[in-house]
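The residues making up each chain are set out below.
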Amino acid sequence: MRKTNIQPWTKEWEVAYDQEHRLLKEVLKEELVDIFHIGSTSVPAIGYAKPIIDILIVVKDIEKVDRYNEALRKVGYEPKGENGIAGRRYFPKGKQNRTHHVHIFQVGNEHIQTHLDFKMYLIAHPEDAKAYGEVKLKLAKQYPDNHYMYQEGKQECVRELVEKARSWGANK
């Protein structure tokens with residue numbers, strides 16, 4: 001069972017994202033529309049995160065992404081297909097010691113805006129970001145050896161924040 005590894009936010013995560021951004025841009029250049037740093041490592045006000053860089057990639061045609069599986073494998077990513085989310089291609093990097101999660105969606109997929117609104121909402125509302133970070137820290141201490149329970153525990157908080165972010169995003 002994976003351990004829960006939560007660390008204080010660090011600028012190193014921005015550096016890690018920038019490096020991976022350049023690499024992925026080169027690999028996916030023919031299909032690439034845009035790349036974004038998402039997740040807790042992209043929002044300093046959260047204060048704490050798993051040290052895994054989440055990257056959202058927008059492509060022209062999701063079906064063509066499968067053609068890049070071997071090229072992505074060569075730079076350390078493991079193709080996982082949709083991995084539970086229809087219309088997505090998911091690629092973790094780092095095996096048991098994960099360093100990156102790449103989420104690829106086709107232009108127009110609703111998940112793109114959801115992820116971006118979530119990030120921008122937390123940046124615009126640092127008090128909510130800080131509260132989310134405190135929930136993560138509390139759960140990590142409560143479930144240090146059970147990552148599944150940590151994930152389960154934060155779901156209600158995430159759902160509430162997603163709803164706030166959706167509403168905020170629709171009204172901005």
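Enquirer: Tell me about the packing of aromatic side chains, and please be specific about residues and values.
Expert: If you walk through the whole model with that rule in mind, you get 3 aromatic pairs. Summarising the aromatic geometry, the rings of Tyr121 and Trp168 are spaced 5.9 Å apart at their centres and angled 75 degrees between planes, so their arrangement reads as edge-to-face. Of this pair, Tyr121 sits in helix H3 (residues 110-124) while Trp168 sits in helix H5 (residues 147-170), and the two are 47 residues apart along the sequence. According to the relative accessible area criterion, Trp168 is partly exposed, its value standing at 24%.

Enquirer: Explain the sheet that holds strand E5 (residues 88-93) residue by residue, including any values.
Expert: Strand order in the open sheet formed by 4 strands is E2-E4-E6-E5, and the pairing between neighbours is mixed. The outermost strands of the open sheet, each flanked by one partner alone, are strand E2 (32-38) and E5. Here the strands of the sheet are splayed against their neighbours by 20 degrees on average, with no regard to which way each runs. Judged from the 7 bridges that link them, strand E4 (residues 53-59) and strand E6 (residues 100-106) form a sheet pairing that is parallel. The residue bridging Asp54 from the neighbouring strand is His101, located in E6. Contacting E2, E4, E5 and E6, helix H1 (residues 12-27) runs over the sheet at an angle of about 165 degrees to E2.

Enquirer: Outline the pattern of salt bridges, supporting the account with residue identities and numerical values.
Expert: Side-chain pairing between opposite charges can occur once the charged atoms of the two side chains come close. Under the counting rule described, the total for this entry stands at 12 salt bridges. The closest approach of N and O atoms between Glu20 and Lys93, which form a salt bridge, is 2.6 Å. One end of the pair, Glu20, is in helix H1; the other, Lys93, is in strand E5, with 73 residues separating them in the sequence. With a relative accessible area of 16%, Lys93 lands in the buried category. Residue Glu163 pairs with Arg166 through a salt bridge whose shortest N-O separation is 2.9 Å. Residue Glu163 and its partner Arg166 are located together in helix H5, separated by 3 residues, close to a single helical turn. Here Arg166 falls in the partly exposed class, since its relative accessible area comes to 39%. Through salt bridges that share partners, Glu63, Asp66 and Arg89 make up one connected network.

Rules and cut-offs
Residues numbered from 1 in each chain as written. Predicted model: local features only at pLDDT ≥ 70, side-chain atom pairs only at ≥ 80, totals over all residues. Heavy atoms only, no water. Phe/Tyr/Trp six-rings, centres within 6.5 Å; stacked < 30°, edge-to-face > 60°. Helix = DSSP H or I, 4+ residues; strand = E, 2+ residues; numbered from the N terminus. Buried < 20%, exposed > 50% of the residue type's maximum accessible area, 1.4 Å probe, protein only. Pairing = 2+ DSSP bridges. Axes fitted to C-alpha atoms, helices over the stretch in contact; angles between N-to-C directions. Contact = heavy atoms within 4.5 Å. Salt bridge = Lys/Arg side-chain N within 4 Å of Asp/Glu carboxyl O.

Purely geometric numbers; function is a separate question.
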